[in-house]
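One-letter residues, chain by chain:
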Amino acid sequence: MPPSRPAKFQDPTGRLDHRPWPLPAGPWIMQQQWRDLLFMHWPVPVDAMRALVPPALELDLFDGVAWVAVVPFRMTGVRPRGVPSLPWISAFPELNVRTYVRSREPRNPKPGVYFFSLEAANALAVWAARTFFKLPYFNAEMTCDLDGEQINYRSTRTHRQAAPARFASTYRPTGAPYLANPGTLEHWLTERYSLYTVDERGQAYIGEIHHEPWPLQRAEAEIECNEMGLASGIMLPDRPPLLHFARHLDVVVWPLRAVTAENT
């Protein structure tokens with residue numbers, strides 16, 4: 001069954017009451033729709049995670065525990081601001097491996113996400129993200145098929161000179177949408193409004209985003225193959241992941257900025 005037609009994009013900047021800090025200065029530059037997304041979270045030892053995250057960033061912990069996520073979903077409506085959406089460029093599956101960090105700037109260490117890898121079934125998107133956002137995107141052969149409420153997801157990395165990585169899972173929501181309560185683990189894991197990346201010189205960069213609160217749903221999943229953590233040097237624990245599903249989220253993105261005392 002082909003994916004359903006995306007809902008019309010709604011600029012999320014009209015609602016700011018849930019945002020942990022003000023919007024960045026200047027206009028956002030890109031819009032995206034995230035659809036049929038599954039958060040798969042595992043706790044991991046702090047020392048193991050510290051060895052994998054660049055020194056320019058501080059680990060962000062929940063009750064002293066580090067967490068890593070594998071996140072399959074599909075992108076639609078991906079386009080620069082003011083540019084029409086093109087079906088063969090603006091829609092594709094994506095698969096992320098991420099953990100949680102802060103900058104080391106003591107005055108305003110905004111909590112955010114650090115990506116170990118991002119797979120995408122769109123070579124142009126991979127090139128653009130690597131070039132303009134300094135993110136570790138990889139080319140992959142991917143499918144994301146809907147069968148009623150169920151999503152059948154497959155990914156095989158094809159990026160040249162990159163560690164092999166495969167993922168295959170079937171997942172579905174099992175409850176009604178709800179908003180996570182501030183202070184809870186699920187709120188801490190999902191309500192993130194910045195990403196960090198570090199270049200080869202050790203310079204950290206922040207990229208800010210905005211969206212409405214996550215419309216989370218309980219979920220279940222059958223994981224047939226998951227090599228995503230291992231490809232990044234992460235040994236996932238032998239236990240079921242914490243699962244959350246989200247059907248649709250509209251997102252806007254600001255340009256990447258170097259982390260300095262003046263702009264964090």
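Residues numbered from 1 in each chain as written. Predicted model: local features only at pLDDT ≥ 70, side-chain atom pairs only at ≥ 80, totals over all residues. Heavy atoms only, no water.

K.L.:
Tell me about the environment of Pro 106, and please be specific about residues and values.
P.N.:
As for its position among the elements, Pro 106 is in the loop between strand 4 (92-103) and strand 5 (111-120). Given a relative accessible area of 70%, Pro 106 falls into the exposed group. Each C-alpha atom, one on Pro 106 and one on Leu 16, is 25 Å from the other, the two residues being 90 residues apart in sequence. (Helix = DSSP H or I, 4+ residues; strand = E, 2+ residues; numbered from the N terminus. Buried < 20%, exposed > 50% of the residue type's maximum accessible area, 1.4 Å probe, protein only.)

K.L.:
Give me the pattern of salt bridges: which residues, what numbers.
P.N.:
Tallying each qualifying case throughout the model produces 17 salt bridges. Arg 172 is paired through a salt bridge with Glu 220; the nearest N and O atoms lie 2.9 Å apart. Residue Arg 172 is found in strand 8 (residues 166-173), and its partner Glu 220 is found in strand 11 (residues 217-226); the two are separated by 48 residues along the sequence. Residue classification places Arg 172 among the buried residues on the basis of a relative accessible area of 15%. (Salt bridge = Lys/Arg side-chain N within 4 Å of Asp/Glu carboxyl O.)

K.L.:
Give a description of the packing of aromatic side chains that names residues and reports values.
P.N.:
Counted according to the given criterion, the structure contains ten aromatic pairs. Centroid distance Phe 39 to Trp 214: 4.9 Å. Interplanar angle 75 degrees. Geometry classified as edge-to-face. Of this pair, Phe 39 sits in strand 1 (residues 30-44) while Trp 214 sits in the loop between strand 10 (204-210) and strand 11; the two residues are 175 residues apart in sequence, bridging distant segments of the chain. Assigned by exposure class, Phe 39 and Trp 214 land together as buried. When the centroid spacing of 5.6 Å and the interplanar angle of 55 degrees are considered together, the rings of Phe 62 and Trp 188 count as tilted. (Phe/Tyr/Trp six-rings, centres within 6.5 Å; stacked < 30°, edge-to-face > 60°.)

K.L.:
Would you mind going over a nonpolar patch on the surface in detail, with residue names and values included?
P.N.:
A cluster of nonpolar side chains, Leu 86, Ile 89, Leu 124, Trp 127 and Phe 132, forms an exposed patch at the surface whose accessible area comes to about 480 Å². Among the elements that take part in the nonpolar patch, helix 3 (residues 123-132) stands out by supplying three residues, more than any other. Here Leu 124 is to be found in helix 3. A relative accessible area of 44% means that Leu 124 is categorised as partly exposed. (Patch = residues over 30% accessible without salt bridge, like charges linked within 9 Å, V, L, I, M, F, W, Y side chains within 5 Å. Areas by Shrake-Rupley, 256 points an atom, 1.4 Å probe, with all protein chains shown as cover.)

K.L.:
Describe the pairing of strand 11, with residues and values.
P.N.:
Two elements, strand 8 and strand 11, share seven bridges in a ladder whose sense is antiparallel. Counted as the bridge partner of Arg 172 is Glu 220 from strand 11. Taken together, the two bridges between strand 11 and strand 12 (residues 242-253) define a ladder with antiparallel strand orientation. Residue pairing in the sheet places Arg 218 in a bridge with His 244 of strand 12. (Pairing = 2+ DSSP bridges.)

K.L.:
Describe helix 3, and please don't skip the residues or the numbers.
P.N.:
Structurally, the α-helix is built with 3.6 residues per turn, so residues lying three or four positions apart point the same way. Inspection of helix 3 places Ala 125, Val 126 and Ala 129 among the buried residues, and these make up the whole buried set. Seen end-on, helix 3 carries its buried residues on one side only, within an arc spanning 100 degrees. Facing away from the buried side of helix 3 by over 90 degrees, the exposed positions are Ala 123 and Phe 132. Considering only its buried residues, helix 3 is in contact with strand 4, strand 5 and strand 6 (137-147). The N-capping residue of helix 3, defined by a side-chain oxygen 3.1 Å from the backbone nitrogen of Leu 124, is Asn 122. Looking one or two places after helix 3, you find Lys 134, whose phi comes out positive at around 55 degrees. (Arc of directions from axis to C-beta. Contact = heavy atoms within 4.5 Å. Polar contact = N/O pair within 3.5 Å; in protein donor to acceptor, adjacent residues only side chain to side chain.)

K.L.:
Please provide a residue-by-residue account of the side chain of Asn 122, values included.
P.N.:
Within the secondary structure, Asn 122 sits in the loop between strand 5 and helix 3. Accessibility expressed as a relative area gives 8% for Asn 122, which makes it buried. Only 2.9 Å separates the side chain of Asn 122 from the backbone nitrogen of Ala 125, close enough to count as a polar contact.

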